[in-house]
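Read off the chains here:
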Number of protein chains: 4
Amino acid sequence: MTPALNALPDQPLFQRFVVAVILLNAGILGVMTDPDLTPRTIRLLSFVDDGCLVVFTFEIVLKLMGQRLRFFRDGWNVFDFIVVSVALIPGTGTMSVLRAFRVFRLMRLVKSIPSMRRVMVGMFAALPGTGSVAGVLLVILYVSAIMAVNFFGEVDPENFGDLGVTFLTLFQFLTMEGWPDVARPVMQELPYAWMFFIPFILLTTFTTLNLLFGIIVESMEQAKEEEVRDAMALQGVDSSQESEEVRLVMVEREIRQIREKITALTVRMDGF
Amino acid sequence: MTPALNALPDQPLFQRFVVAVILLNAGILGVMTDPDLTPRTIRLLSFVDDGCLVVFTFEIVLKLMGQRLRFFRDGWNVFDFIVVSVALIPGTGTMSVLRAFRVFRLMRLVKSIPSMRRVMVGMFAALPGTGSVAGVLLVILYVSAIMAVNFFGEVDPENFGDLGVTFLTLFQFLTMEGWPDVARPVMQELPYAWMFFIPFILLTTFTTLNLLFGIIVESMEQAKEEEVRDAMALQGVDSSQESEEVRLVMVEREIRQIREKITALTVRMDGF
Amino acid sequence: MTPALNALPDQPLFQRFVVAVILLNAGILGVMTDPDLTPRTIRLLSFVDDGCLVVFTFEIVLKLMGQRLRFFRDGWNVFDFIVVSVALIPGTGTMSVLRAFRVFRLMRLVKSIPSMRRVMVGMFAALPGTGSVAGVLLVILYVSAIMAVNFFGEVDPENFGDLGVTFLTLFQFLTMEGWPDVARPVMQELPYAWMFFIPFILLTTFTTLNLLFGIIVESMEQAKEEEVRDAMALQGVDSSQESEEVRLVMVEREIRQIREKITALTVRMDGF
Amino acid sequence: MTPALNALPDQPLFQRFVVAVILLNAGILGVMTDPDLTPRTIRLLSFVDDGCLVVFTFEIVLKLMGQRLRFFRDGWNVFDFIVVSVALIPGTGTMSVLRAFRVFRLMRLVKSIPSMRRVMVGMFAALPGTGSVAGVLLVILYVSAIMAVNFFGEVDPENFGDLGVTFLTLFQFLTMEGWPDVARPVMQELPYAWMFFIPFILLTTFTTLNLLFGIIVESMEQAKEEEVRDAMALQGVDSSQESEEVRLVMVEREIRQIREKITALTVRMDGF
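Keep in mind that this is a model prediction, so the values were computed, not measured.

Caption draft 1: Up close: the overall build of chain A. Counting secondary structure elements, chain A contains 13 helices and zero strands. Secondary structure elements of chain A occur, N-terminal to C-terminal, as α-α-α-α-α-α-α-α-α-α-α-α-α. Per-residue burial over chain A gives 46% buried out of 272 residues. Here the contacts in chain A between residues at least 6 apart in sequence split such that 60% fall between residues at least 24 apart. Total accessible area on chain A stands at roughly 14100 Å², and carbon and sulfur atoms take up 64% of it.

Caption draft 2: Examining helix α11 (residues 179–189) of chain B more closely. Residue and element names in this part refer to chain B. Listing the buried residues of α11 in full gives W179, P180, V182, A183, V186 and M187. All buried residues of α11 fall inside an arc of 160 degrees around its axis, so they share one side. Of the residues in α11, the exposed ones pointing more than 90 degrees away from the buried face are D181, Q188 and E189.

Caption draft 3: View of a negative patch on the surface. Where like charges cluster on the molecular surface, the negative patch consists of D181 of chain A, D181 of chain B, D181 of chain C together with D181 of chain D. Topologically, D181 of chain C is positioned in helix α11 (residues 179–189). Assessed through its relative accessible area of 60%, D181 of chain C is described here as exposed.

Caption draft 4: Molecular detail of the nonpolar core. Core analysis: the biggest nonpolar cluster contains 260 residues, and F197 of chain A, F197 of chain B, F197 of chain C together with F197 of chain D have the highest contact counts within it. With residues near it in sequence (within four places) discarded, F197 of chain C still touches F152, F160, F173, A183, V186 and M187 of chain C. By size, the runner-up hydrophobic cluster in this structure holds twelve residues, among which are I255 and I258 of chain A, I255 of chain B together with I258 of chain C.

Caption draft 5: Local environment of unusual backbone geometry. If you check the backbone angles, R68 of chain A has positive phi at about 50 degrees while not being a glycine. Relative to the helices and strands, R68 of chain A resides in the loop between α3 (39–67) and α4 (75–88). With a phi angle near 60 degrees, M176 of chain C is a residue other than glycine that sits in the positive phi range. Turning to its location among the elements, M176 of chain C is positioned in the loop between α10 (163–174) and α11.

Caption draft 6: Structural context of the packing of helix α2 (residues 12–31) of chain A against α3 of chain A. Residues and elements named next belong to chain A. Packing of α2 against α3 brings their axes to within 10 Å, and their N-to-C directions diverge by 150 degrees. One finds that α2 runs roughly antiparallel with respect to α3. In this structure, α2 crosses over α3, and the sense of that crossing is left-handed. Of the residues in α3, those in contact with F14, F17, V18, V21, I22, L24, N25, I28, L29 and V31 of α2 are L45, V48, D49, C52, V55, F56 and E59. Looking at the contact of α2 with α3 residue by residue, the classes come out as 14 nonpolar, one polar and two charged.

Caption draft 7: Expanded view of the side chain of R108 of chain B. Residue and element names in this part refer to chain B. Inspection of the secondary structure assignment puts R108 in helix α6 (residues 108–112). A polar contact is formed between the side chain of R108 and the side chain of E59, at a distance of 2.7 Å. Not counting chain neighbours up to four residues away, the residues in contact with R108 comprise I22, F56, E59, F79 and D80.

Caption draft 8: Spatial organisation of the confidence of the model for chain A. Residues and elements named next belong to chain A. In this model, chain A carries an average pLDDT of 80, and 81% of its residues clear a pLDDT of 70 or more. When pLDDT is averaged over each helix and strand of chain A, the minimum, 63, is found for helix α5 (residues 96–101) and the maximum, 91, for helix α10 (residues 163–174). Predicted complex, confidence summary: ipTM 0.78, pTM 0.80.

Caption draft 9: Inspection of the pattern of salt bridges at higher detail. Residues and elements named next belong to chain A. One pass over the structure, following the stated rule, counts 24 salt bridges over all chains. A salt bridge links E59 to R108; the nearest nitrogen and oxygen atoms lie 2.7 Å apart. With E59 in helix α3 and R108 in helix α6 (residues 108–112), this pair connects stretches of sequence that are 49 residues apart. What makes E59 buried here is its relative accessible area of 6%. Exposure remark for R108: the relative accessible area of 1% places this residue in the buried category.

Caption draft 10: A nonpolar patch on the surface, seen in detail. Residue and element names in this part refer to chain A. Taken together, the side chains of L69, F72, F81 and I82 make up a nonpolar region of the molecular surface, amounting to roughly 390 Å² of accessible area. Within the secondary structure, F81 sits in helix α4. On the basis of relative accessibility, which here comes to 30%, the residue F81 falls in the partly exposed class.

Caption draft 11: Spatial organisation of the packing of aromatic side chains. Going through the model one piece at a time under the given rule, you end up with 60 aromatic pairs over all chains. On the basis of an interplanar angle of 25 degrees and a centroid distance of 5.0 Å, the ring pair of F152 of chain A and F197 of chain A is categorised as stacked. Residue F152 of chain A is found in helix α8 (residues 131–152), and its partner F197 of chain A is found in helix α12 (residues 194–234); the two are separated by 45 residues along the sequence. As far as the burial class goes, F152 of chain A and F197 of chain A line up, both buried. Ring geometry for F196 of chain D versus F200 of chain D: centroids 5.9 Å apart, planes at 15 degrees, classification stacked. Of this pair, F196 of chain D and F200 of chain D both sit in helix α12 (residues 194–234), four residues apart, which is roughly one turn of that helix. In terms of burial, F196 of chain D and F200 of chain D fall into one category: buried. Here the aromatic cluster, defined as three or more aromatic residues joined through ring pairs, consists of F151, F152, F160, F173, W179, F196, F197 and F200 of chain A together with F171 of chain D.

Caption draft 12: Broad picture of the environment of R117 of chain A. Residues and elements named next belong to chain A. Tracing the chain through its elements places R117 in helix α7 (residues 114–126). A C-alpha to C-alpha distance of 9.7 Å links R117 and W76, two positions 41 residues apart in sequence. Setting aside residues no more than four positions away along its own chain, R117 makes contact with D74, W76, V110 and K111. Only 3.2 Å separates the side chain of R117 from the backbone oxygen of K111, close enough to count as a polar contact.

Caption draft 13: Region of the structure containing the side chain of D156 of chain D. Relative to the elements of secondary structure, D156 of chain D occurs in the loop between α8 (131–152) and α9 (157–160). Here D156 of chain D occupies a buried position and makes no salt bridge, while the nearest side chain of opposite charge, R184 of chain A, is found at 8.0 Å.

About the criteria used
Residues numbered from 1 in each chain as written. Chains lettered and ligands numbered in written order. Predicted model: local features only at pLDDT ≥ 70, side-chain atom pairs only at ≥ 80, totals over all residues. Heavy atoms only, no water. Helix = DSSP H or I, 4+ residues; strand = E, 2+ residues; numbered from the N terminus. Buried < 20%, exposed > 50% of the residue type's maximum accessible area, 1.4 Å probe, protein only. Contact = heavy atoms within 4.5 Å. Areas by Shrake-Rupley, 256 points an atom, 1.4 Å probe, with all protein chains shown as cover. Arc of directions from axis to C-beta. Patch = residues over 30% accessible without salt bridge, like charges linked within 9 Å, V, L, I, M, F, W, Y side chains within 5 Å. Salt bridge = Lys/Arg side-chain N within 4 Å of Asp/Glu carboxyl O. Lys, Arg positive; Asp, Glu negative; His and termini not counted. Charge placed at Lys NZ, Arg CZ, Asp CG, Glu CD. Core = buried A, V, L, I, M, F, W, Y, C linked by side-chain atoms within 4.5 Å. Axes fitted to C-alpha atoms, helices over the stretch in contact; angles between N-to-C directions. Parallel < 35°, antiparallel > 145°, perpendicular 65-115°, else oblique. Left-handed = near helix turned anticlockwise from the far one by under 90°. Nonpolar A, V, L, I, M, F, W, Y, C, P; charged D, E, K, R; others polar. Polar contact = N/O pair within 3.5 Å; in protein donor to acceptor, adjacent residues only side chain to side chain. pLDDT = per-residue confidence, 0-100. Phe/Tyr/Trp six-rings, centres within 6.5 Å; stacked < 30°, edge-to-face > 60°.

Shown next as structure tokens:
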């Protein structure tokens, strides 16, 4: 294998070609959802779909050859590898569930366009910082689900019969969608059920909002910080890790020292 | 054509007259929606409506004569031109669809009132910056739609029969409106369908919120920046492009240099 | 009338007494909503209610005597005056609509507790700044309503029959509540109706969020500014009208001047 | 009792053991919601559940012995004490309501994991600051509820019959869930009912958003302030109570003084 082939995946022209193939593949997978296609059209579309898969496989093989095991250090590469491998396993063609996962290949578009990639990375990067809020939310949901089964399991077995359906019902409450349709019949049997439902809605809505905002604000701040660092690099200024407020305090301290020195200077001048 | 006529569209009195005509036109188009109007009233209202159109046409012709092709460089002018032209095409009176588009003329009100115009411009100006989040959302929607057709197309053809209705159903999920009414029957057939629905709701709600906030925060910051620039211009200070944080770093550096100079000065004084 | 009586409404003890009467009145008006009260209980409650009204009237008369026409310069006083006057008009007892407005008297509680009063004032103070966003939203709603009547008036007269019901339906769309129940039947007749519904939901949701956030952020910033001003006053520093960013620029300029002076000083020292 | 036993609750290994027991207890309480368990399985699960309770009781007794009455000064300890005591009262086993409250024991998980504990503390700490907004919201709700009973009590007794159901209906309006299903039938009888419903939705949605954001922003700022204080402590800088803006003003004042001193120095130099 020549070095030229190894370098191929990094060349802009090839990358643009891969994006075009992903878009073509997206179109074909979309058309193939039409239930009224003739068998001939399906055969033709499947053929082009296979062609796209060949291109993706070729790209990954080239990258694998160029980077060897380093290839698997990048999460995006691992994602590519899994998504393409699944489609290559023989016999998957008959399993409709795995067939459906072929569509994930289109997510490679996000990876291939830098600005969309940054959005995705930003969203993932913001996740760990809010893990503890998500944890609190999960504990609240679990405790509430067990209480709901105990309280309402006999009155409304369809919505609160076991832990599984109760989780679904509580998620429905969390989205506030159709909650009165569930709560009102229960309250006809148990008039004090509102003492569970209303605090649950208030508490989980608030925690969820808190969680979402935590992630959004976090990711916005990270984006802004990066901008500031870039602007500083352009000015030839060392980018420091300190926050704006800490630096303001440092400036204050330096100014106080300057004043003391000038006062000393003035005093010495008086001595002349 | 006299120069006086050319300058007419820029005169405050004429502009106020045009706003009044738009408001009159708004009232008439509103009254005309009443299905119980007598033919005579309709004739009368149509006559006044035509009168308003004459005023708008006159205004645009004047502007076109004054500015010639420069007229089309301003997006608002192009909007005015299209909206008024559509109403002038003969025969459109019988096509109810194009008749309905006459109402867009009232959007000229937004253009005519500076503060509302600024709101509109701000919203449009903030759009490109969030294009990549919108792109990620679209890719997620497209991939989800294809998966949903493959998974649920046979179980619930009304909501997931083809790509078109699936997009509508997923948009309904995105607004979280009535999603349990769609999801619960599907889950009776396919108990694991929640593994698609719940992640979909979580992911798209979060991405949509992220998108909306991106636009809102962006447009607020732009408005604030403009205010700061105006305040600086009033103070006779050159408005710089640097962010507050970069400038704070520059101040730090200057202060450090001042301290060094003063130290040098003190050392020299000691030499006397 | 003695000066002691004039000063009464400003005394803490009297103010606390009025708050207690408002709370008592709130309790009574709440109990009176019970449809199963005996006529005797109603008579008793009405009697206490009248007693509360006497206290409120007495308070307002005292204030009016002390402040004369200055009384009406404060919006809260005008609100008090109207709310108490309405209840005093004879014959209003039989008009159930005006009876219901008696309840507004309880809003006086907000006025009487300083921290709640500040919240209310902050919300009102933030309103004018977002008037132009509200204006844009109203124009969009009006234009959409006329279009909706023209497009869907014949297909679904119940929801889009005239401008009145259409406004209500569009407000329902704005809250995203039950929109698929309205949109789906219309789309069975007019398959392209989604080209109206989906952009309408996206555009108005976004504008509404923009409006709400504008008001909330504005009112938070005003509260914060007030805090800063108070903190500065405590430090004996003149509170300036300039924003933080403008002041940072001024500091930069002053520092540059200091450096120039020190450089000049150093040069002169070299001259010795 | 040896000192080693007293110190046990503070040892990392014991703390990890307690977390493991809480998780085990969570799993068992979850499994016990299954209505199809055999009596033998229930006996077995109850036995393990009792075992968990023994561990919790042991932990609390140890802490109580070590800290005596100081134990009750920490809110988390009080919570632990109540939750474990309830389960120990004999006879509670037959009262299904109190049985359900056993689940609260799982909330101890939040307490045991420091990062989740901080989230909970932050949420509680932010509550008092927004008490006045909550107060305004409650007054609006109460006044609206009384008005709604008076206006709509006879037309729709199911939703507005007495103060209790009206509060529930208004809470449903606040979540905007299914409001058209309630409002439309009422409006068929009372066409002007929208003059109550629409302002109510606008006003309460806005106040609720204001309230939620107040809490979220407050708690975020507190978290950020803590971070800044930690960063300053690391730099060996005294953390001051002043806000960034106040400090900027102080820096301005010091710089002005420095300039004056340098000017004076220059003038003196001229005198040589």
